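Below, each chain spelled out in residue letters.
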Amino acid sequence: MTQDELKKQVAQAALQYIDGETIIGVGTGSTVNFFIDMLADYKGKIKAAASSSDATTERLKGVGIPVIELNSVDEIGVYVDGADEVDTNKKLIKGGGGALTREKIIAAASKKFVCIVDSTKSVDVLGAFPLPVEVIPMSRNYVANELEKLGGRPVWRKDYYTDNGCEILDVHGLKIVDPVKLETIINGITGVVTNGLFAARDADVVLVGNGDKVDTIK
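Remember, predicted model here, so these are calculated numbers, not experimental data.

### Side note on unusual backbone geometry
A positive phi angle, near 70°, is found at Lys90, a position not held by glycine. Position of Lys90 relative to the elements: it lies in the loop between β5 (85-86) and β6 (92-93).

### What about the sheet that holds strand β11 (residues 192-195)?
If you walk across this open sheet you meet the four strands as β9-β10-β8-β11, and the pairing is antiparallel. Only two strands of the sheet have a single partner each, and these edge strands are β9 (153-156) and β11. Geometrically, the sheet is characterised by an average inter-axis angle of 30° between neighbouring strands, direction not taken into account. Here three bridges tie strand β8 (residues 131-135) to β11, and the two strands are oriented antiparallel to one another. Pairing of Val133 across the sheet is with Asn195, part of β11. Contacts from helix α4 (residues 100-108) reach β8, β10 (167-172) and β11, with the element oriented near 70° to β11. Where helix α5 (residues 140-149) meets the sheet, it contacts β8, β9, β10 and β11, and its direction lies at approximately 15° from that of β10.

### Details of the pattern of salt bridges
By the definition in use, this model includes twelve salt bridges. Overlapping salt bridges, with partners in common, bring together Asp81, Lys94 and Glu103 in one network.

### Remarks on the sheet that holds β6
The three strands are arranged β5-β6-β12 in an open sheet whose pairing can be described as antiparallel. The sheet terminates laterally at β5 and β12 (197-198), the two strands that pair on one side only. Examined bridge by bridge, β6 and β12 share two bridges and lie antiparallel to one another. Note on β12: the bridge partner recorded for Leu92 is Phe198.

### Side note on the nonpolar core
Ile18, Phe35, Leu39, Ile116 and Leu207 are the most contacted members of the largest nonpolar core, which totals 27 residues. Counting residues per element, the ones that place at least two in this core are α1 (3-14), β1 (23-26), α2 (30-38), β4 (76-81), β7 (110-118) and β13 (205-209). Counting residues per element, this core draws most heavily on α2, at five residues. With sequence-adjacent residues up to four places away left out, Ile18 is seen in contact with Ile24, Phe35, Leu39, Tyr42, Ile46 and Val80.

### Some remarks on the packing of aromatic side chains
Overall, the coordinates contain two aromatic pairs when judged by the stated rule. With a centroid separation of 5.1 Å and an interplanar angle of 40°, the aromatic rings of Tyr79 and Phe113 are classed as tilted. Taken together, the residues span a long stretch of sequence, with Tyr79 in strand β4 and Phe113 in strand β7 at a distance of 34 residues. Like Phe113, Tyr79 is buried. An aromatic cluster of at least three residues, connected via ring pairs, comprises Tyr79, Phe113 and Phe198.

### So, the layout of surface pockets
By volume, the largest pocket is sized at about 270 Å³. Elements with a minimum of two residues in the lining of the largest pocket: β2 (48-51), α3 (54-62), β3 (67-68) and α4. Broken down by element, the residue count for the lining of the largest pocket peaks at three residues, all from α4. Per-class residue counts for the lining of the largest pocket are six nonpolar, four polar and three charged. In this structure, the second largest pocket is lined by 19 residues; those nearest its centre are Thr28, Gly29, Ser30, Ala83 and Asp84. Listing elements by their share of the lining of the second largest pocket, those giving two or more residues are α2 and β7. Of the residues assigned to the lining of the second largest pocket, the class counts are five nonpolar, nine polar and five charged.

Quick notes on the rules
Residues numbered from 1 in each chain as written. Predicted model: local features only at pLDDT ≥ 70, side-chain atom pairs only at ≥ 80, totals over all residues. Heavy atoms only, no water. Helix = DSSP H or I, 4+ residues; strand = E, 2+ residues; numbered from the N terminus. Pairing = 2+ DSSP bridges. Axes fitted to C-alpha atoms, helices over the stretch in contact; angles between N-to-C directions. Contact = heavy atoms within 4.5 Å. Salt bridge = Lys/Arg side-chain N within 4 Å of Asp/Glu carboxyl O. Core = buried A, V, L, I, M, F, W, Y, C linked by side-chain atoms within 4.5 Å. Buried < 20%, exposed > 50% of the residue type's maximum accessible area, 1.4 Å probe, protein only. Phe/Tyr/Trp six-rings, centres within 6.5 Å; stacked < 30°, edge-to-face > 60°. 1 Å grid on protein atoms, 1.4 Å probe; cavity = no way out; pocket = protein on both sides within 12 Å on 5 of 7 lines; lining within 4 Å. Points joined across faces, edges and corners; volume = space filled by probe spheres on them. Nonpolar A, V, L, I, M, F, W, Y, C, P; charged D, E, K, R; others polar.

Spelled out as structure tokens, the structure:
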């Protein structure tokens, strides 16, 4: 199967987790886009969705799913999103598409986080994919220097701004053996909005499309 076919396979598998849910959270990225397209069949069943990015909002509206502000609800039943890397303990690196902060907020507000990936995203140790760190623009150089002290090589995602008006440093060269600890350390650097490690609040379920079947990690 092609990578797109694997993404469609795992997006289809995620639909079972939204049965009976009226308010859901929806992430951002190429795998999630397939999931959103499939939500066209759920118009009327899904009352609304909390969106993690402007791009996702537009795609949801395009298939007829109303979008609500997270502030208008107390809790989200299920949040469905992809990842750039997933380890065997369901810890994730996210943010390749730049929506990491809003994704992390919706994940935190959701009872269940279902992560959907194709098999190329599964790793034993996180860090081959550069770790995105969203920063307040004026702090970029300072944060970069602090990230270098942690052993990383930060690269400014030049001329890119998040939906929050912030910038991103992509940190190369990390071998992340303790993702919860590193997530906490990086988030403690002044000027960091958040980083792309989803470890303190990781996925509840990871669905991995590998062609023959979809593997479920709980």
